[in-house]
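# Structural overview for review
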Amino acid sequence: MRIVVFGGDGFCGWPTALRLSDIGHDVVIVDNLSRRNIDNELEVSSLTPIQPIGTRLATWKELKVKDIPFLNFNIAEHYHRLLTLLRDFEPDAVVHFAEQRAAPYSMKSSWHKRYTVNNNLNATNNLLAAIVESGVDAHVVHLGTMGVYGYGMIEGVPIPEGYLKVKVETQAGDLIDQEILYPANPGSIYHMTKTQDQLLFAYYNKNDKVRVTDLHQGIVWGTQTEQTKIHQNLINRFDYDGDYGTVLNRFLMQAAIGYPLTVHGTGGQTRAFIHLQDSVRCVELAITHPPQKGERVRIINQMTEAHRIADLAQLVSRLTGATIDYLDNPRNEAEINSLNVVNSTLVRMGLKPTTLESGLMEEVIGIARAFASRADLSKIPCRSKWIGDAGQPTS
Ligand code: NAD
Ligand code: USQ
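First, a word on scope: everything that follows refers to the structure included in this document. Keep in mind the model is a prediction, meaning the values are calculated, not measured.

Cut-offs applied
The residue count restarts for each chain, going from 1 along the sequence in the order it is written. Each chain takes a letter, starting from A, and each ligand takes a number, starting from 1, following the order in which they are written. Local features in this predicted model are restricted to residues of pLDDT 70 or higher, and side-chain atom pairs are both shown and tallied only at a pLDDT of 80 or more, whereas totals for entire chains, interfaces and linings draw on every residue. Only strands joined by at least two bridges in the DSSP assignment are considered to pair. The helix and strand labels rest on DSSP assignments: H or I over at least four residues marks a helix, E over at least two residues marks a strand, and numbering proceeds from the N terminus. By the convention adopted here, residues are in contact when the distance between their C-beta atoms, placed from the backbone, does not exceed 7 Å. Axis definition: a line fitted to C-alpha atoms, over the contacting stretch in the case of helices. Angles run 0 to 180 degrees between N-to-C directions. In this scheme the burial state of a residue depends on its C-beta neighbours within 10 Å: 20 or more other such atoms mean buried, 12 or fewer mean exposed, and anything in between means partly exposed; the C-beta positions come from the backbone. Here is the check we use: build the C-beta atom from the backbone, and if it is within 6 Å of the molecule or strand, call the residue near. Each residue is assigned to one class: nonpolar for Ala, Val, Leu, Ile, Met, Phe, Trp, Tyr, Cys and Pro, charged for Asp, Glu, Lys and Arg, and polar for all the others, Gly among them. The directions considered for the arc run from the helix axis to the C-beta atoms.

### Some words on the sheet that holds strand β5 (residues 139-145)
If you walk across this open sheet you meet the 7 strands as β3-β2-β1-β4-β5-β8-β12, and the pairing is parallel. At either margin of the open sheet sits one strand with a lone partner, and together these are β3 (70-71) and β12 (298-302). Sitting on the sheet, helix α7 (residues 189-208) is in contact with β5 and β8 (212-217), with an inclination near 155° to β5.

### Quick notes on the pairing of β5
When you tally the buried positions in β5, you get 7 out of 7 residues, the bulk of the element. The alternating pattern of β5 places His139, Val141, Leu143 and Thr145 on one face and Val140, His142 and Gly144 on the opposite face, and all of these are buried. Where strand β4 (residues 93-96) lies against β5, 4 bridges are found, and the strand directions are parallel. Paired with Ala93 across the strands is His139, a residue of β5. Across 6 bridges, β5 lies against β8 in parallel orientation. Paired with Leu143 across the two strands is Leu215, which belongs to β8.

### Observations regarding the site of ligand 2
Around ligand 2 sit 22 residues, and of these Thr145, Met146, Gly147, Val247 and His264 come closest. Sorting the residues of the shell around ligand 2 by element identifies α8 (247-257), β10 (261-264) and β11 (270-275) as the ones contributing at least two each. Per element, the largest residue contribution to the shell around ligand 2 is 3 residues, and it comes from β10. When grouped by side-chain class, the residues that make up the shell around ligand 2 number 9 nonpolar, 8 polar and 5 charged.

### With respect to helix α4 (residues 79-89)
Turning to α4, its buried residues are Leu82, Leu85 and Leu86. Projected onto a plane normal to the axis of α4, the buried residues spread over an arc of 95° and lie on a single side. In α4, the exposed residues that point more than 90 degrees away from the buried face are His80 and Asp88. Buried residues belonging to α4 abut β1 (2-6), β3 and α6 (110-134).

### Brief notes about the pairing of β11
β11 sits mainly inside the fold: 6 of its 6 residues count as buried. Along β11, one buried face is formed by Thr270, Ala272 and Ile274 and the opposite face, lined by Arg271, Phe273 and His275, is buried too. For strand β9 (residues 219-221) and β11, the ladder comprises 3 bridges, and the chain directions are parallel. Within the sheet, the bridge partner assigned to Trp221 lies in β11 and is His275. When β11 meets strand β13 (residues 305-308), the two strands line up antiparallel, connected through 4 bridges. Note that in β13 the partner of Arg271 across the bridge is His307.

Printed below as a string of structure tokens:
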């Protein structure tokens, strides 16, 4: 298949592009390198020494004799480059990772809120509009988030894969069955953009019959995949800073350098998780199981395990001897929640999950300890607050 990976220089996009190339697809990467520029803005670096995209791709070509063309442009702004690419390359599938993905970054200031909304919504809308205008029948595989559901806000109801069965009372007093998009309940501006993406997909799917799979992904942990391990120039990024570092990778890195684990509040928040290797495999499965023309947007919950943050901290502490700090929560989120998620589609398609127990120590030793000397401890605290003293977000 011909596949474009939008956001293919990022944490999830890079290993996905390599995997798709490795198994024989013709892959093109589009990325405007905004994530690398945000590292410059925040004065942080990946814990792992990631190479420039040119070095990454030259190494891949040398090792595998496979060319992955790279185009550097902003899909939220350069519509005509996007349209031309789709017309010339005629992809069978496009994988859409190209969004600003950090909730704390999206809450740092009004500028960061506006950037995240402009970037994410225009990226998604441009991609869908260009697919329609080009006439290519490319299957859109989008990386969404479990955060659109509000982490199980309806007590006692397992989170379905996107659509909720409801009974609606008619004027005559009869109850009729309906299936609706699960009510959106975002917890940050970033998560809000993903709930808006859902409406864009629903609309273009209804009006133009664009085929879409929206993968509602949990928090990704881990760093390396089968392909990124092959050579040091292919190493994937590892974010540990207070804006981009996600909770489990932060705990693993903190444990490796002897920094107390930073639990927000009591740690009663329950979240969904998936290992990076499984995330890559899920995208592959989504590509090889496309929806039919005219089928509604297919929504798949891309997660393998749910854990309470406090339990994760205790598990990491037990394995490594790390101490735990319970900090004032900088976010505005429920202190405690339970989470029960339906994830049967991916299991049915053949996903064999990597469990936390099996992969944690490999990550601590192989990555976090190996690159501990590159850590800048001043970048670990989360300084982005959802609500500041003046009722405004602060950074
Ligand atoms: P990332 O920031 O590492 O990668 C995103 C890539 O897209 C970056 O390389 C960036 O430069 C590029 N990009 C952003 N806007 C662009 C634009 N307008 N034009 C061209 N390129 C652009 O993020 P990630 O962790 O790889 O996440 C990828 C996707 O998966 C995101 O949409 C995110 O919401 C979703 N997701 C990530 C996680 C996670 O834990 N990392 C979990 C659930 C969902
Ligand atoms: N948390 C801590 N300590 C930390 C960091 C985070 O206790 O040092 C807590 C947070 O308060 C939150 C939870 O851990 O309750 C998760 O935070 P996170 O930063 O790991 O994840 P989140 O902000 O939700 O975002 C990440 C990705 C995002 C993706 C989302 C999936 O950055 O792109 O959409 O996970 S989900 O969480 O399922 O919505």
